[in-house]
Amino acid sequence: MTYAISQNCCNDATCVSVCPVNCIHPAPGERGFGSTEMLYIDPAACIDCGACADACPVDAVFPVESLTGPQRTYARMNADYYADTPTPEPATDSPNFHSWSEPAFTRTLPADFTAPRVAIVGTGPAGMYAAEDLLLHTAAEVTLLDRLPVAGGLVRYGVAPDHPATKKIGETFARFHHHPRVRMALGVEVGEHLTAQEVAAHHDAVIYAVGAPGDRRLGIPGEEATGSISATSFVAWYNAHPDIPADAIDLSTPRVVVVGTGNVALDVARILLTDPEELAGTDIADHALEALRASAVREVVLLGRRGPEDAACTRPELLALTHLPGVHLVVDDHDTRIGPAIDAAGPEDKAALLRGIDREQVDYAGLPGGDRRRLVFRFHSAPVEVRSAAEGRPAPGVAGVRVTGSAGQVDIGAGMLLRAIGYRGAPVPGLPFDEGDGTVPHEKGRVVGRTGTYVVGWIKRGPSGGIGANRACAAETVTTLLDDVANGALPQPAHSGKAFRRLVRRRNRHVVDARGLAAIDRAEQARGSRSGRPRSKLATVPELVAASKTRLPLPR
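Residues numbered from 1 in each chain as written. Predicted model: local features only at pLDDT ≥ 70, side-chain atom pairs only at ≥ 80, totals over all residues. Heavy atoms only, no water.

Participant: Would you take a moment to explain the side chain of Asp 80 for this structure?
Facilitator: With respect to the secondary-structure elements, Asp 80 resides in helix 3 (residues 72-84). The charged side chain of Asp 80 is buried without a salt bridge, its nearest counter-charge being Arg 76 at 4.0 Å. Ignoring anything within four residues of it in the chain, the contact list for Asp 80 reads Pro 347 and Glu 348. (Helix = DSSP H or I, 4+ residues; strand = E, 2+ residues; numbered from the N terminus. Buried < 20%, exposed > 50% of the residue type's maximum accessible area, 1.4 Å probe, protein only. Lys, Arg positive; Asp, Glu negative; His and termini not counted. Salt bridge = Lys/Arg side-chain N within 4 Å of Asp/Glu carboxyl O. Contact = heavy atoms within 4.5 Å.)

Have a look at this one:
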């Protein structure tokens, strides 16, 4: 019995490090690592030890025999990878039974190495991978800061609620919240409560892991109309992010247009069309679940500028979408290039997953009616204008989207436009910023012109790569930081860690520490248990702060 990696693969390569026969690829250091959409187990080399399944932080590894229905496809995906990428054999004079790369020792710390005191700004995956690296491999003291009064970042607020296995990586990070060398100060924002200079003055080094909170714009007329919003905001809304009010999303329209074909576009389309009762057992925001139960949305149109062969999503996410229960999938066959591209797709091409889906030239003149839910893929189409109508609204609202393609322009009647064309980093007060790509200029994580200041994650490399990609990214930054410590390149902090904690309390009397975070976790789980859910998230800062100050679950 062999194992296979499935949809939830996070690419952090924990499984690679525990495999005794080196049968999981691409591994760190190999050319494809970080660029493939997932890792793959070689069925010919797997010895059925199960070490990878035990180590996987997101429950993505399963015995092939246990895969059923659409999941069986992942057994083929794993095997297909090795059809074109054969497993390397060990050298003939090697004492090893399996091929291994040469060992590399990228860190050599002196015997008198002085452990640094490091502040990490941001508690999402990038920040927590950096914290994990420091805590497991050095005696560093770590201060975790976050502008929100709860930890988690992208894991809490970016992962779709119907992907609970992916969220499990948060449990891996959570074990460091109570580490004896960790101090937490949640609800503290650099640039509001503290300056970057003040944080630096109390630590040997500061790592910024603030992600890419912004979104990219379409730059077309009418984009500012009510109902034209970013997928970033929609994702935050259904994940109970405090920045997005509960009433921010209006689902009274029968049709929604989503611009983009990446994983985020697929996420929002799937949430809009999934039977709300299927989401009732997840940690979706209470207000979002209520709104989806009353939703009028019956059709989602996914717009792709290019053809099906160039869809930006990963194969696992597209495969899951094609098996969405109760949803009729259609490929709009308006362009003569679409059908041939799907038919000619090879087994490893994403477009092949659309083979067998109905194709028709869709009429968008009217709005969909009835109870049938439908998802339309419309490729080779670009939005050029958002049409507005002001009836019954305080501001002009979306009435439709004008798109252009090879056959000219067509108007798609819709009451909502979601742009899912990418995230974008925002300036960090006190740090340099590259407006062109939305990142902080750096050299292997070391911020240019700022001694002792480092970046990791999307603010470092741009909004690319999933959760697991941050592990290698964090390792590079931490290696650079430790080199600077070992070389004596960092200035001594002017103040102590105790002085920093006093300063934080003076600036914000509602700071949440590790005990407060645990209280929030218990309160949310208690709320969720009343309705059979894993948790019911608190959706506002006052609610989170109040929960952090009690040691009992919140009352009804």
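Read on for the rest.
Participant: Is there a simple way to explain the pattern of salt bridges in this structure?
Facilitator: Under the defined criterion, the tally for this structure stands at 34 salt bridges. Arg 147 is the salt-bridge partner of Asp 243, the closest N and O atoms lying 2.4 Å from each other. Here Arg 147 lies in the loop between strand 6 (141-146) and helix 5 (154-157) and Asp 243 lies in the loop between helix 9 (231-238) and strand 11 (255-259), a separation of 96 residues in the sequence. Owing to a relative accessible area of 44%, Asp 243 belongs among the partly exposed residues under this scheme. Arg 402 is the salt-bridge partner of Glu 385, the closest N and O atoms lying 3.2 Å from each other. Linking Glu 385 in strand 16 (residues 382-389) with Arg 402 in strand 17 (residues 397-405), this pair joins segments that are 17 residues apart in sequence.

Participant: Could you clarify how one ought to interpret the packing of helix 10 (residues 263-273) against helix 13 (residues 315-322) in this entry?
Facilitator: The packing of two helices is summarised by the inter-axis angle and the distance between the axes. Closest axis-to-axis distance for the helix 10/helix 13 pair is 10 Å, and the angle between their directions is 20 degrees. Viewed along their axes, helix 10 and helix 13 adopt a mutual orientation that is roughly parallel. Crossing handedness for the pair helix 10 and helix 13: left-handed. Mapping the contact onto sequence places Asn 263, Leu 266, Asp 267 and Arg 270 in helix 10 and Glu 317, Leu 318 and Leu 321 in helix 13. (Axes fitted to C-alpha atoms, helices over the stretch in contact; angles between N-to-C directions. Parallel < 35°, antiparallel > 145°, perpendicular 65-115°, else oblique. Left-handed = near helix turned anticlockwise from the far one by under 90°.)

Participant: Help me out: how do you make sense of helix 17 (residues 497-507) in this one?
Facilitator: Spacing of three or four residues puts side chains on the same side of an α-helix, whose turn is 3.6 residues. Gly 497, Ala 499, Phe 500, Leu 503 and Val 504 are the residues of helix 17 that are buried. Down the axis, helix 17 shows its buried residues gathered within 150 degrees of arc, on one side only. In helix 17, those exposed residues whose orientation departs by more than 90 degrees from the buried face are Lys 498 and Arg 506. Contact partners of the buried residues in helix 17: strand 5 (117-121), strand 6, strand 7 (182-186) and helix 8 (196-201). (Arc of directions from axis to C-beta.)

Participant: It is not clear to me how the sheet that holds strand 15 (residues 373-378) should be interpreted in this structure. Could you clarify?
Facilitator: The seven strands lie next to each other as 10-19-11-12-15-13-14, forming an open sheet whose pairing is parallel. The strands lining the two open edges of the sheet, one partner per strand, are strand 10 (228-230) and strand 14 (358-360). The average undirected angle you get between the axes of adjacent strands in this sheet is 25 degrees. Of the strand pairs in this sheet, strand 12 (residues 299-303) and strand 15 are connected by five bridges, and their pairing is parallel. Its bridge partner being in strand 15, Leu 302 is matched across the sheet by Phe 377. Sheet strands touched by helix 9: strand 10 and strand 19 (416-419). Its angle to strand 10, the strand with the most contacts, is close to 75 degrees. (Pairing = 2+ DSSP bridges.)

Participant: When you look at the sheet that holds strand 16 in this model, what are you seeing that I'm missing?
Facilitator: Pairing between sheet strands relies on hydrogen bonds along the backbone, with the strands arranged either parallel or antiparallel. Ordered by their spatial adjacency, three strands build an open sheet running 16-17-18, and the pairing between neighbours is antiparallel. What marks the edges here is a single partner per strand, and that holds for strand 16 and strand 18 (408-413). Neighbour to neighbour, the strand axes of the sheet diverge by 25 degrees on average, direction disregarded. Pairing of strand 17 with strand 18, which is carried by six bridges, proceeds in the antiparallel orientation. What sits directly across from Val 403, in strand 18, is Val 410.

Participant: Looking at this structure, how should I read the pairing of strand 5?
Facilitator: As a general feature of sheets, a regular strand has side chains that alternate between the two faces. Counting buried positions along strand 5 yields five of five residues, so the element is predominantly enclosed. Neither face of strand 5 is open: one carries Arg 117, Ala 119 and Val 121, the other Val 118 and Ile 120, and all of them are buried. Sheet topology note: the strand 5/strand 6 ladder contains five bridges and is parallel. Residue pairing in the sheet places Val 121 in a bridge with Leu 145 of strand 6. Of the pairings in the sheet, the one linking strand 5 to strand 8 (residues 205-208) comprises four bridges and is parallel in character. Residue pairing across strands places Val 121 opposite Tyr 208, the latter belonging to strand 8.

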